[in-house]
Amino acid sequence: MVTALPPGSRLPALIQTALFMTVRPHLLRRMRRLHGDVFTVRLLGSKTVVTLSHPSHIREVFAGTPAVFHAGEGNEILRPVMGPHSVMITDEDEHLRSRKLLMPAFNGAALRGYGDMMADLAEANVGTWPTGRPFEVHEAMNEVTLEIILRVVFGMSDGPRLTALRPRIRTLTDINPITALGWSYPALAKLPPWRGSADNLREVDRLLYEEITDRRAADVTARRDVLSRLLSVAGTDLTDAELRDQMITLLLAGHETTATALAWTFHDLSRNEPVLRKAQQAADTDDEDYLQAVAKEALRRHPIIQNVPRVLTEHTAIAGHHLPAGTIVAPNTTLAHEDPAHHEAPGEFRPERFLGKPLPLGTWIPFGGGVRRCLGAGFSLKEMAAVLRAALTRYDLRPARQAPEFAKPRNITLIPSRGARIIATPRG
Ligand code: HEM
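Each value, and the rule that gives it
- Residues numbered from 1 in each chain as written.
- Predicted model: local features only at pLDDT ≥ 70, side-chain atom pairs only at ≥ 80, totals over all residues.
- Helix = DSSP H or I, 4+ residues; strand = E, 2+ residues; numbered from the N terminus.
- Rg over C-alpha atoms; globule rule 2.2 N^0.38 Å.
- Buried ≥ 20, exposed ≤ 12 C-beta atoms within 10 Å, placed from the backbone.
- Contact = placed C-beta atoms within 7 Å.
- Pairing = 2+ DSSP bridges.
- Axes fitted to C-alpha atoms, helices over the stretch in contact; angles between N-to-C directions.
- UniProt positions renumbered as here; feature names shortened; annotations may be inferred.
- Left-handed = near helix turned anticlockwise from the far one by under 90°.
- Nonpolar A, V, L, I, M, F, W, Y, C, P; charged D, E, K, R; others polar.
- Core = buried A, V, L, I, M, F, W, Y, C linked by C-beta atoms within 7 Å.
- Near = placed C-beta within 6 Å.

Some words on the overall build of the protein chain
(1) Moving on: Looking only at helices and strands, the protein chain features 16 helices and 12 strands.
(2) Moving on: By the compact-globule yardstick of 22 Å for 428 residues, the protein chain fits well, its C-alpha radius of gyration being 21 Å.
(3) Moving on: Principal-axis analysis of the C-alpha atoms gives the protein chain an extent of 60 × 50 × 45 Å.
(4) Moving on: Residues counted as buried form 45% of the 428 residues belonging to the protein chain.
(5) Moving on: Counted over contacts in the protein chain with a minimum sequence separation of 6, partners at least 24 positions apart contribute 74%.

This is the structure in C-alpha coordinates:
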(Lines give C-alpha, C1' and ligand atoms only; values in the text may rest on other atoms or scores of the structure.)
Protein backbone atom coordinates (compact mmCIF):
# COMPACT_ATOMS: atom_id res chain seq x y z
CA MET A 1 0.00 0.00 0.00
CA VAL A 2 1.44 3.40 -1.05
CA THR A 3 0.86 6.26 1.41
CA ALA A 4 1.68 9.18 -0.96
CA LEU A 5 -0.93 10.69 -3.27
CA PRO A 6 -0.83 9.25 -6.81
CA PRO A 7 1.38 11.14 -9.31
CA GLY A 8 0.12 14.22 -11.12
CA SER A 9 1.06 17.45 -12.84
CA ARG A 10 3.39 19.91 -11.08
CA LEU A 11 1.58 22.88 -12.64
CA PRO A 12 0.01 25.34 -10.15
CA ALA A 13 -3.63 24.66 -9.17
CA LEU A 14 -4.73 27.80 -11.03
CA ILE A 15 -3.33 26.50 -14.34
CA GLN A 16 -4.70 22.97 -13.77
CA THR A 17 -8.14 24.48 -13.01
CA ALA A 18 -8.02 26.62 -16.17
CA LEU A 19 -7.08 23.58 -18.28
CA PHE A 20 -9.78 21.51 -16.59
CA MET A 21 -12.42 24.14 -17.42
CA THR A 22 -11.37 24.57 -21.06
CA VAL A 23 -9.72 21.44 -22.51
CA ARG A 24 -10.87 18.84 -19.98
CA PRO A 25 -10.88 15.64 -22.11
CA HIS A 26 -7.41 16.42 -23.55
CA LEU A 27 -5.99 17.19 -20.11
CA LEU A 28 -7.31 13.95 -18.63
CA ARG A 29 -6.15 11.80 -21.58
CA ARG A 30 -2.69 13.35 -21.40
CA MET A 31 -2.46 12.78 -17.66
CA ARG A 32 -3.43 9.16 -18.04
CA ARG A 33 -0.80 8.71 -20.76
CA LEU A 34 1.83 10.25 -18.50
CA HIS A 35 0.84 8.82 -15.11
CA GLY A 36 -1.30 5.73 -15.70
CA ASP A 37 -4.76 4.72 -14.44
CA VAL A 38 -4.61 6.65 -11.15
CA PHE A 39 -3.46 10.26 -11.03
CA THR A 40 -3.96 13.44 -9.03
CA VAL A 41 -5.36 16.73 -10.34
CA ARG A 42 -5.09 19.84 -8.15
CA LEU A 43 -7.91 22.36 -8.50
CA LEU A 44 -8.46 25.78 -6.92
CA GLY A 45 -10.04 25.73 -3.47
CA SER A 46 -7.46 23.21 -2.14
CA LYS A 47 -9.21 20.43 -4.03
CA THR A 48 -7.11 17.33 -4.54
CA VAL A 49 -8.88 15.11 -7.03
CA VAL A 50 -7.65 11.54 -7.42
CA THR A 51 -8.92 10.47 -10.85
CA LEU A 52 -9.74 6.80 -11.48
CA SER A 53 -10.59 4.92 -14.66
CA HIS A 54 -9.87 1.24 -14.05
CA PRO A 55 -13.15 -0.72 -13.50
CA SER A 56 -11.86 -2.38 -10.31
CA HIS A 57 -10.95 1.04 -8.79
CA ILE A 58 -14.30 2.48 -9.88
CA ARG A 59 -16.09 -0.45 -8.23
CA GLU A 60 -14.16 0.24 -4.98
CA VAL A 61 -15.55 3.80 -4.94
CA PHE A 62 -19.14 2.96 -5.85
CA ALA A 63 -19.28 0.14 -3.29
CA GLY A 64 -17.75 2.38 -0.57
CA THR A 65 -19.55 3.06 2.72
CA PRO A 66 -21.79 6.16 2.31
CA ALA A 67 -20.48 7.55 5.63
CA VAL A 68 -16.93 7.61 4.21
CA PHE A 69 -17.65 8.42 0.55
CA HIS A 70 -19.66 11.66 0.60
CA ALA A 71 -21.24 12.62 -2.72
CA GLY A 72 -23.43 15.38 -1.28
CA GLU A 73 -20.39 17.23 0.02
CA GLY A 74 -18.97 17.17 -3.50
CA ASN A 75 -22.11 18.97 -4.78
CA GLU A 76 -22.02 21.66 -2.09
CA ILE A 77 -21.77 24.49 -4.63
CA LEU A 78 -25.36 23.72 -5.73
CA ARG A 79 -26.78 24.09 -2.19
CA PRO A 80 -27.93 27.74 -2.58
CA VAL A 81 -30.12 26.78 -5.53
CA MET A 82 -31.08 23.17 -4.75
CA GLY A 83 -31.66 23.85 -1.05
CA PRO A 84 -30.55 22.06 2.13
CA HIS A 85 -32.99 19.12 1.76
CA SER A 86 -31.94 18.19 -1.79
CA VAL A 87 -31.21 14.51 -2.45
CA MET A 88 -28.11 15.68 -4.29
CA ILE A 89 -26.67 17.81 -1.47
CA THR A 90 -27.32 15.61 1.54
CA ASP A 91 -25.33 12.58 2.73
CA GLU A 92 -25.87 9.49 4.88
CA ASP A 93 -29.25 9.19 6.74
CA GLU A 94 -30.76 12.37 5.35
CA HIS A 95 -29.80 11.38 1.82
CA LEU A 96 -31.21 7.90 2.30
CA ARG A 97 -34.52 9.31 3.47
CA SER A 98 -34.87 11.59 0.42
CA ARG A 99 -33.82 8.84 -1.92
CA LYS A 100 -36.43 6.44 -0.48
CA LEU A 101 -39.14 9.07 -0.91
CA LEU A 102 -38.23 9.77 -4.52
CA MET A 103 -37.51 6.22 -5.70
CA PRO A 104 -41.14 5.07 -6.23
CA ALA A 105 -41.66 7.91 -8.71
CA PHE A 106 -38.83 6.47 -10.84
CA ASN A 107 -39.49 2.72 -10.67
CA GLY A 108 -40.48 0.63 -13.70
CA ALA A 109 -44.24 0.99 -13.24
CA ALA A 110 -44.00 4.76 -12.77
CA LEU A 111 -41.80 5.08 -15.88
CA ARG A 112 -44.35 3.17 -17.97
CA GLY A 113 -46.97 5.65 -16.78
CA TYR A 114 -44.93 8.60 -18.16
CA GLY A 115 -44.52 6.99 -21.62
CA ASP A 116 -47.57 8.48 -23.38
CA MET A 117 -46.93 12.01 -22.16
CA MET A 118 -43.26 11.79 -23.20
CA ALA A 119 -44.29 10.49 -26.65
CA ASP A 120 -46.80 13.33 -27.18
CA LEU A 121 -44.32 16.03 -26.17
CA ALA A 122 -41.60 14.47 -28.33
CA GLU A 123 -43.96 14.39 -31.36
CA ALA A 124 -44.91 18.03 -30.83
CA ASN A 125 -41.27 19.13 -30.68
CA VAL A 126 -40.03 17.07 -33.62
CA GLY A 127 -42.96 18.38 -35.72
CA THR A 128 -41.49 21.91 -35.47
CA TRP A 129 -38.00 21.01 -36.77
CA PRO A 130 -37.02 22.92 -39.93
CA THR A 131 -36.45 20.63 -42.91
CA GLY A 132 -33.84 20.73 -45.64
CA ARG A 133 -31.59 23.26 -43.88
CA PRO A 134 -29.10 23.08 -41.00
CA PHE A 135 -30.31 23.73 -37.47
CA GLU A 136 -28.94 23.24 -33.94
CA VAL A 137 -30.66 20.15 -32.62
CA HIS A 138 -29.20 20.81 -29.15
CA GLU A 139 -31.47 23.87 -28.80
CA ALA A 140 -34.53 21.84 -29.87
CA MET A 141 -33.56 19.19 -27.30
CA ASN A 142 -33.29 21.81 -24.55
CA GLU A 143 -36.86 22.80 -25.35
CA VAL A 144 -38.29 19.30 -25.34
CA THR A 145 -36.52 18.10 -22.18
CA LEU A 146 -37.64 21.23 -20.31
CA GLU A 147 -41.22 20.64 -21.42
CA ILE A 148 -41.02 16.99 -20.31
CA ILE A 149 -39.65 17.93 -16.87
CA LEU A 150 -42.27 20.64 -16.35
CA ARG A 151 -45.20 18.46 -17.34
CA VAL A 152 -44.15 14.92 -16.42
CA VAL A 153 -42.15 15.72 -13.26
CA PHE A 154 -43.88 18.88 -12.00
CA GLY A 155 -47.26 17.95 -13.54
CA MET A 156 -47.85 21.48 -14.80
CA SER A 157 -50.40 22.20 -17.49
CA ASP A 158 -50.86 25.14 -19.89
CA GLY A 159 -51.61 28.44 -18.23
CA PRO A 160 -50.00 31.67 -17.05
CA ARG A 161 -47.89 29.92 -14.38
CA LEU A 162 -46.26 27.56 -16.88
CA THR A 163 -45.73 30.43 -19.32
CA ALA A 164 -44.05 32.48 -16.58
CA LEU A 165 -41.94 29.59 -15.35
CA ARG A 166 -40.55 28.40 -18.69
CA PRO A 167 -38.11 31.28 -19.43
CA ARG A 168 -37.18 31.61 -15.75
CA ILE A 169 -36.15 27.96 -15.59
CA ARG A 170 -34.04 28.39 -18.73
CA THR A 171 -32.25 31.27 -16.97
CA LEU A 172 -31.87 29.24 -13.78
CA THR A 173 -30.33 26.25 -15.56
CA ASP A 174 -27.90 28.50 -17.42
CA ILE A 175 -25.39 28.09 -14.63
CA ASN A 176 -21.93 29.48 -15.35
CA PRO A 177 -18.91 30.05 -13.10
CA ILE A 178 -19.92 33.70 -12.62
CA THR A 179 -23.47 32.93 -11.42
CA ALA A 180 -22.13 30.10 -9.25
CA LEU A 181 -19.81 32.62 -7.57
CA GLY A 182 -22.87 34.62 -6.53
CA TRP A 183 -24.34 31.56 -4.79
CA SER A 184 -21.11 30.95 -2.87
CA TYR A 185 -20.96 34.58 -1.71
CA PRO A 186 -24.53 35.72 -0.90
CA ALA A 187 -23.27 39.29 -0.31
CA LEU A 188 -22.81 39.55 -4.09
CA ALA A 189 -26.57 39.04 -4.58
CA LYS A 190 -27.08 42.80 -4.21
CA LEU A 191 -24.90 43.56 -7.24
CA PRO A 192 -25.54 43.07 -10.93
CA PRO A 193 -25.36 40.50 -12.56
CA TRP A 194 -25.98 38.43 -9.43
CA ARG A 195 -29.00 40.50 -8.40
CA GLY A 196 -30.76 39.31 -11.56
CA SER A 197 -30.08 35.63 -10.77
CA ALA A 198 -31.20 36.05 -7.15
CA ASP A 199 -34.45 37.77 -8.28
CA ASN A 200 -35.00 35.03 -10.85
CA LEU A 201 -34.58 32.28 -8.26
CA ARG A 202 -37.00 34.05 -5.89
CA GLU A 203 -39.60 34.27 -8.63
CA VAL A 204 -39.13 30.58 -9.59
CA ASP A 205 -39.63 29.68 -5.91
CA ARG A 206 -42.76 31.81 -5.68
CA LEU A 207 -44.30 30.08 -8.70
CA LEU A 208 -43.32 26.65 -7.42
CA TYR A 209 -44.72 27.23 -3.96
CA GLU A 210 -47.99 28.38 -5.57
CA GLU A 211 -48.07 25.14 -7.57
CA ILE A 212 -47.38 23.07 -4.44
CA THR A 213 -50.16 24.86 -2.52
CA ASP A 214 -52.67 24.27 -5.33
CA ARG A 215 -51.66 20.64 -5.66
CA ARG A 216 -51.99 20.01 -1.92
CA ALA A 217 -55.57 21.27 -2.14
CA ALA A 218 -56.39 19.10 -5.17
CA ASP A 219 -57.20 15.40 -5.41
CA VAL A 220 -53.91 13.96 -6.70
CA THR A 221 -54.65 10.25 -6.41
CA ALA A 222 -55.36 9.79 -10.14
CA ARG A 223 -52.46 12.00 -11.29
CA ARG A 224 -49.25 10.43 -12.56
CA ASP A 225 -46.65 13.21 -12.36
CA VAL A 226 -43.75 12.99 -9.88
CA LEU A 227 -44.95 15.87 -7.66
CA SER A 228 -48.44 14.37 -7.29
CA ARG A 229 -46.97 10.93 -6.55
CA LEU A 230 -44.80 12.43 -3.81
CA LEU A 231 -47.81 14.21 -2.34
CA SER A 232 -50.04 11.17 -2.38
CA VAL A 233 -47.38 8.88 -0.88
CA ALA A 234 -45.78 11.23 1.66
CA GLY A 235 -47.58 14.56 1.41
CA THR A 236 -48.11 14.96 5.13
CA ASP A 237 -44.50 14.01 5.98
CA LEU A 238 -42.99 16.55 3.62
CA THR A 239 -42.85 20.29 4.17
CA ASP A 240 -43.30 22.65 1.23
CA ALA A 241 -39.60 23.56 1.49
CA GLU A 242 -38.57 19.90 1.23
CA LEU A 243 -40.80 19.40 -1.81
CA ARG A 244 -39.44 22.54 -3.43
CA ASP A 245 -35.82 21.42 -2.92
CA GLN A 246 -36.40 17.98 -4.44
CA MET A 247 -38.34 19.36 -7.39
CA ILE A 248 -35.69 21.98 -8.23
CA THR A 249 -33.05 19.27 -7.93
CA LEU A 250 -34.84 17.00 -10.42
CA LEU A 251 -35.16 19.94 -12.75
CA LEU A 252 -31.50 20.95 -12.63
CA ALA A 253 -30.23 17.37 -12.71
CA GLY A 254 -32.53 16.15 -15.45
CA HIS A 255 -33.10 18.86 -18.02
CA GLU A 256 -29.80 19.84 -19.66
CA THR A 257 -28.14 16.48 -19.12
CA THR A 258 -30.76 14.68 -21.17
CA ALA A 259 -30.88 17.46 -23.78
CA THR A 260 -27.12 17.22 -24.29
CA ALA A 261 -27.20 13.42 -24.45
CA LEU A 262 -29.88 13.62 -27.17
CA ALA A 263 -27.90 16.25 -29.08
CA TRP A 264 -24.85 13.93 -29.15
CA THR A 265 -27.07 11.01 -30.20
CA PHE A 266 -28.36 12.92 -33.23
CA HIS A 267 -24.82 14.14 -33.92
CA ASP A 268 -23.63 10.53 -34.13
CA LEU A 269 -26.64 9.12 -35.98
CA SER A 270 -26.36 11.77 -38.70
CA ARG A 271 -22.76 10.64 -39.34
CA ASN A 272 -23.36 6.88 -39.29
CA GLU A 273 -25.74 5.85 -42.05
CA PRO A 274 -25.84 2.08 -41.28
CA VAL A 275 -26.71 2.76 -37.60
CA LEU A 276 -29.22 5.43 -38.66
CA ARG A 277 -31.00 2.91 -40.90
CA LYS A 278 -31.18 0.32 -38.10
CA ALA A 279 -32.40 2.95 -35.65
CA GLN A 280 -35.09 4.07 -38.14
CA GLN A 281 -36.22 0.45 -38.44
CA ALA A 282 -36.30 0.19 -34.64
CA ALA A 283 -38.37 3.39 -34.50
CA ASP A 284 -40.80 2.04 -37.12
CA THR A 285 -41.27 -1.23 -35.23
CA ASP A 286 -41.28 0.38 -31.75
CA ASP A 287 -38.15 -1.55 -30.71
CA GLU A 288 -37.40 0.45 -27.55
CA ASP A 289 -34.45 -1.81 -26.60
CA TYR A 290 -32.55 -0.86 -29.74
CA LEU A 291 -33.41 2.83 -29.39
CA GLN A 292 -32.16 2.79 -25.79
CA ALA A 293 -29.01 0.95 -26.95
CA VAL A 294 -28.40 3.81 -29.42
CA ALA A 295 -28.77 6.31 -26.55
CA LYS A 296 -26.47 4.26 -24.27
CA GLU A 297 -23.79 4.04 -26.94
CA ALA A 298 -23.98 7.82 -27.51
CA LEU A 299 -23.59 8.26 -23.73
CA ARG A 300 -20.55 5.97 -23.81
CA ARG A 301 -18.89 7.94 -26.62
CA HIS A 302 -19.85 11.35 -25.23
CA PRO A 303 -20.33 11.18 -21.47
CA ILE A 304 -22.12 14.31 -20.30
CA ILE A 305 -20.56 14.43 -16.83
CA GLN A 306 -16.91 13.46 -16.62
CA ASN A 307 -16.13 13.23 -12.93
CA VAL A 308 -18.33 11.37 -10.45
CA PRO A 309 -16.79 12.67 -7.21
CA ARG A 310 -16.86 11.46 -3.60
CA VAL A 311 -15.23 13.38 -0.73
CA LEU A 312 -13.48 11.03 1.73
CA THR A 313 -14.45 11.69 5.34
CA GLU A 314 -11.54 9.63 6.75
CA HIS A 315 -8.21 8.09 5.70
CA THR A 316 -9.12 5.44 3.13
CA ALA A 317 -7.30 2.94 0.91
CA ILE A 318 -8.29 3.20 -2.74
CA ALA A 319 -6.55 1.83 -5.82
CA GLY A 320 -3.57 0.82 -3.70
CA HIS A 321 -3.07 4.32 -2.24
CA HIS A 322 -3.76 5.40 1.32
CA LEU A 323 -5.61 8.71 0.85
CA PRO A 324 -6.14 11.35 3.55
CA ALA A 325 -9.58 12.62 4.65
CA GLY A 326 -10.74 15.49 2.43
CA THR A 327 -9.36 13.94 -0.78
CA ILE A 328 -11.87 13.80 -3.63
CA VAL A 329 -11.89 10.45 -5.45
CA ALA A 330 -13.42 10.72 -8.91
CA PRO A 331 -14.22 7.85 -11.28
CA ASN A 332 -13.82 9.37 -14.74
CA THR A 333 -16.39 8.55 -17.40
CA THR A 334 -14.40 9.62 -20.48
CA LEU A 335 -11.34 7.56 -19.60
CA ALA A 336 -13.39 4.52 -18.53
CA HIS A 337 -15.53 4.62 -21.68
CA GLU A 338 -12.72 4.84 -24.22
CA ASP A 339 -10.47 2.14 -22.80
CA PRO A 340 -9.93 -0.50 -25.55
CA ALA A 341 -9.26 -3.10 -22.84
CA HIS A 342 -12.96 -2.90 -21.91
CA HIS A 343 -14.67 -1.61 -25.08
CA GLU A 344 -13.66 -3.19 -28.39
CA ALA A 345 -12.96 -0.54 -31.08
CA PRO A 346 -14.01 2.24 -28.69
CA GLY A 347 -14.11 4.91 -31.43
CA GLU A 348 -16.87 3.08 -33.34
CA PHE A 349 -20.59 3.77 -32.88
CA ARG A 350 -21.95 0.30 -32.09
CA PRO A 351 -25.27 0.22 -30.17
CA GLU A 352 -25.11 -3.60 -30.30
CA ARG A 353 -22.66 -3.50 -27.34
CA PHE A 354 -25.71 -2.78 -25.19
CA LEU A 355 -27.90 -5.61 -26.46
CA GLY A 356 -27.64 -8.92 -24.63
CA LYS A 357 -25.28 -9.42 -21.69
CA PRO A 358 -24.83 -6.28 -19.51
CA LEU A 359 -21.36 -4.73 -19.64
CA PRO A 360 -19.07 -5.54 -16.65
CA LEU A 361 -19.56 -3.21 -13.67
CA GLY A 362 -17.40 -0.10 -13.69
CA THR A 363 -16.89 -0.02 -17.48
CA TRP A 364 -19.94 2.12 -18.44
CA ILE A 365 -20.72 4.82 -15.86
CA PRO A 366 -22.54 7.80 -17.47
CA PHE A 367 -24.99 7.76 -14.55
CA GLY A 368 -22.42 7.23 -11.78
CA GLY A 369 -22.95 4.27 -9.45
CA GLY A 370 -23.72 2.74 -6.07
CA VAL A 371 -26.20 4.36 -3.66
CA ARG A 372 -25.79 7.68 -5.47
CA ARG A 373 -26.40 6.38 -9.00
CA CYS A 374 -28.50 8.82 -11.04
CA LEU A 375 -32.10 8.58 -9.89
CA GLY A 376 -33.32 9.59 -13.34
CA ALA A 377 -31.26 7.10 -15.40
CA GLY A 378 -34.28 4.99 -16.45
CA PHE A 379 -36.37 8.15 -16.90
CA SER A 380 -33.83 9.77 -19.23
CA LEU A 381 -33.31 6.60 -21.31
CA LYS A 382 -37.07 6.30 -21.78
CA GLU A 383 -37.27 9.98 -22.68
CA MET A 384 -34.41 9.64 -25.16
CA ALA A 385 -36.07 6.63 -26.79
CA ALA A 386 -39.34 8.61 -27.11
CA VAL A 387 -37.60 11.53 -28.84
CA LEU A 388 -35.58 9.21 -31.11
CA ARG A 389 -38.74 7.32 -32.09
CA ALA A 390 -40.59 10.55 -32.95
CA ALA A 391 -37.67 11.95 -35.00
CA LEU A 392 -36.58 8.78 -36.79
CA THR A 393 -40.05 7.72 -37.97
CA ARG A 394 -40.28 11.10 -39.74
CA TYR A 395 -36.84 12.15 -40.89
CA ASP A 396 -33.62 11.20 -42.59
CA LEU A 397 -30.66 12.94 -40.99
CA ARG A 398 -27.33 14.20 -42.24
CA PRO A 399 -24.73 16.44 -40.62
CA ALA A 400 -24.43 20.13 -41.56
CA ARG A 401 -20.68 19.44 -41.89
CA GLN A 402 -19.11 15.97 -42.01
CA ALA A 403 -16.31 16.77 -39.51
CA PRO A 404 -17.39 15.78 -35.99
CA GLU A 405 -18.02 18.58 -33.50
CA PHE A 406 -15.68 18.68 -30.55
CA ALA A 407 -16.74 18.34 -26.91
CA LYS A 408 -16.79 21.80 -25.34
CA PRO A 409 -16.86 22.03 -21.51
CA ARG A 410 -19.90 23.88 -20.26
CA ASN A 411 -19.74 23.96 -16.46
CA ILE A 412 -19.65 20.32 -15.45
CA THR A 413 -21.04 19.01 -18.75
CA LEU A 414 -19.47 18.52 -22.19
CA ILE A 415 -21.60 19.83 -25.06
CA PRO A 416 -21.24 19.60 -28.88
CA SER A 417 -19.23 22.67 -29.93
CA ARG A 418 -21.61 23.90 -32.68
CA GLY A 419 -24.90 22.87 -31.13
CA ALA A 420 -25.01 19.51 -33.01
CA ARG A 421 -25.98 21.03 -36.38
CA ILE A 422 -27.89 18.57 -38.54
CA ILE A 423 -30.17 18.62 -41.57
CA ALA A 424 -33.46 16.74 -41.34
CA THR A 425 -35.43 15.79 -44.47
CA PRO A 426 -38.79 13.99 -44.55
CA ARG A 427 -38.35 10.25 -45.13
CA GLY A 428 -39.33 9.11 -48.62
C1 HEM B 1 -28.66 11.57 -19.84
C2 HEM B 1 -29.13 12.21 -18.77
C3 HEM B 1 -28.49 12.17 -17.41
C4 HEM B 1 -27.18 11.97 -17.06
C5 HEM B 1 -25.99 11.74 -17.97
C6 HEM B 1 -27.13 12.02 -15.61
C7 HEM B 1 -25.98 11.82 -14.87
C8 HEM B 1 -25.94 11.81 -13.48
C9 HEM B 1 -24.75 11.56 -12.71
C10 HEM B 1 -23.36 11.27 -13.26
C11 HEM B 1 -25.10 11.65 -11.40
C12 HEM B 1 -24.17 11.45 -10.18
C13 HEM B 1 -24.22 9.98 -9.80
C14 HEM B 1 -23.23 9.57 -8.74
O15 HEM B 1 -22.76 10.44 -7.98
O16 HEM B 1 -22.90 8.36 -8.66
C17 HEM B 1 -26.51 11.94 -11.33
C18 HEM B 1 -27.24 12.09 -10.16
C19 HEM B 1 -28.58 12.40 -10.12
N20 HEM B 1 -29.42 12.55 -11.20
FE21 HEM B 1 -28.95 12.30 -13.14
N22 HEM B 1 -28.39 12.26 -15.12
C23 HEM B 1 -29.26 12.35 -16.18
C24 HEM B 1 -30.63 12.55 -16.13
C25 HEM B 1 -31.36 12.72 -14.98
C26 HEM B 1 -32.80 12.92 -14.92
C27 HEM B 1 -33.72 12.94 -16.14
C28 HEM B 1 -33.13 13.10 -13.60
C29 HEM B 1 -34.49 13.33 -12.97
C30 HEM B 1 -35.59 13.61 -13.62
C31 HEM B 1 -31.90 12.98 -12.83
C32 HEM B 1 -31.83 13.07 -11.47
C33 HEM B 1 -30.68 12.86 -10.72
C34 HEM B 1 -30.64 12.92 -9.26
C35 HEM B 1 -31.81 13.25 -8.34
C36 HEM B 1 -29.32 12.63 -8.88
C37 HEM B 1 -28.77 12.58 -7.45
C38 HEM B 1 -28.84 11.15 -6.94
C39 HEM B 1 -28.30 10.98 -5.52
O40 HEM B 1 -27.40 11.73 -5.14
O41 HEM B 1 -28.77 10.06 -4.81
N42 HEM B 1 -30.86 12.77 -13.70
N43 HEM B 1 -27.01 12.03 -12.62
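Focus on the sheet that holds strand S4 (residues 134-136)
(1) Moving on: Ordered by their spatial adjacency, three strands build an open sheet running S4-S12-S9, and the pairing between neighbours is antiparallel. At either margin of the open sheet sits one strand with a lone partner, and together these are S4 and strand S9 (395-399). For this sheet the average axis-to-axis angle between neighbouring strands, irrespective of direction, equals 45 degrees.
(2) Moving on: In the sheet, S4 pairs with strand S12 (residues 421-426) via three bridges, with the strands oriented antiparallel. Within S12, the residue paired with Phe135 across the bridge is Ile422.

Observations concerning the UniProt feature "binding site: heme" (unreviewed entry) in the protein chain
(1) Moving on: The sites that carry the UniProt feature "binding site: heme" (unreviewed entry) are, in the present numbering, Cys374.
(2) Moving on: Looking at the element boundaries, Cys374 is found in the loop between helix H15 (333-337) and helix H16 (377-394).
(3) Moving on: If we ignore the near neighbours within four places in the chain, the residues touching Cys374 are Phe367 and Gly368.

As for the packing of helix H7 (residues 137-153) against helix H12 (residues 240-269)
(1) Moving on: Running from N to C, H7 and H12 cross one another at 145 degrees; their axes reach a closest spacing of 8 Å. Considering the relative orientation of H7 and H12, their crossing is right-handed. Facing Val137, His138, Met141, Asn142, Thr145, Leu146, Ile149 and Val153 of H7, the residues of H12 in contact are Leu250, Leu251, Gly254, His255, Glu256, Thr258, Ala259, Thr260, Leu262, Ala263 and Phe266.
(2) Moving on: A class-by-class count of the residues in the contact of H7 with H12 yields 11 nonpolar, seven polar and one charged.

What to know about the environment of Ile415
(1) Moving on: Its place among the elements puts Ile415 in strand S11 (residues 413-416).
(2) Moving on: Note: C-alpha distance between Ile415 and Thr257 (158 residues apart in sequence) is 9.5 Å.
(3) Moving on: Discounting chain neighbours no more than four positions away, the residues touching Ile415 are His138, Thr260, Lys408 and Arg410.

Examining the nonpolar core
(1) Moving on: In terms of nonpolar packing, the biggest core is built from 107 residues, with Ile149, Ala279, Leu291, Ala295, Val329, Val387 and Leu388 touching the most fellow members.
(2) Moving on: It is H12 that contributes the most residues to this core, 14 residues altogether.
(3) Moving on: In contact with Val329, not counting residues within four places along its chain, are Val50, Leu52, Val61, Arg310, Leu312, Ile318 and Leu323.

So, the sheet that holds strand S3 (residues 69-70)
(1) Moving on: Spatial ordering of the open sheet is given by S1-S2-S8-S5-S3, a layout of five strands whose pairing is mixed. The open sheet is flanked by strand S1 (38-43) and S3, the only strands paired with a single partner.
(2) Moving on: Bridge count between strand S2 (residues 47-52) and strand S8 (residues 328-331): four bridges; the pairing is parallel. Note that in S8 the partner of Val50 across the bridge is Val329.

A few points about the site of the ligand
(1) Moving on: The immediate surroundings of the ligand are formed by 26 residues, with Gly254, Thr257, Gly368, Cys374 and Gly376 found nearest.
(2) Moving on: Residue assignment for the shell around the ligand shows that the elements contributing at least two residues are H12 and H16.
(3) Moving on: Sort the elements by how many residues they give to the shell around the ligand and H12 lands first, with seven residues.
(4) Moving on: Split by residue class, the shell around the ligand holds 15 nonpolar, eight polar and three charged.

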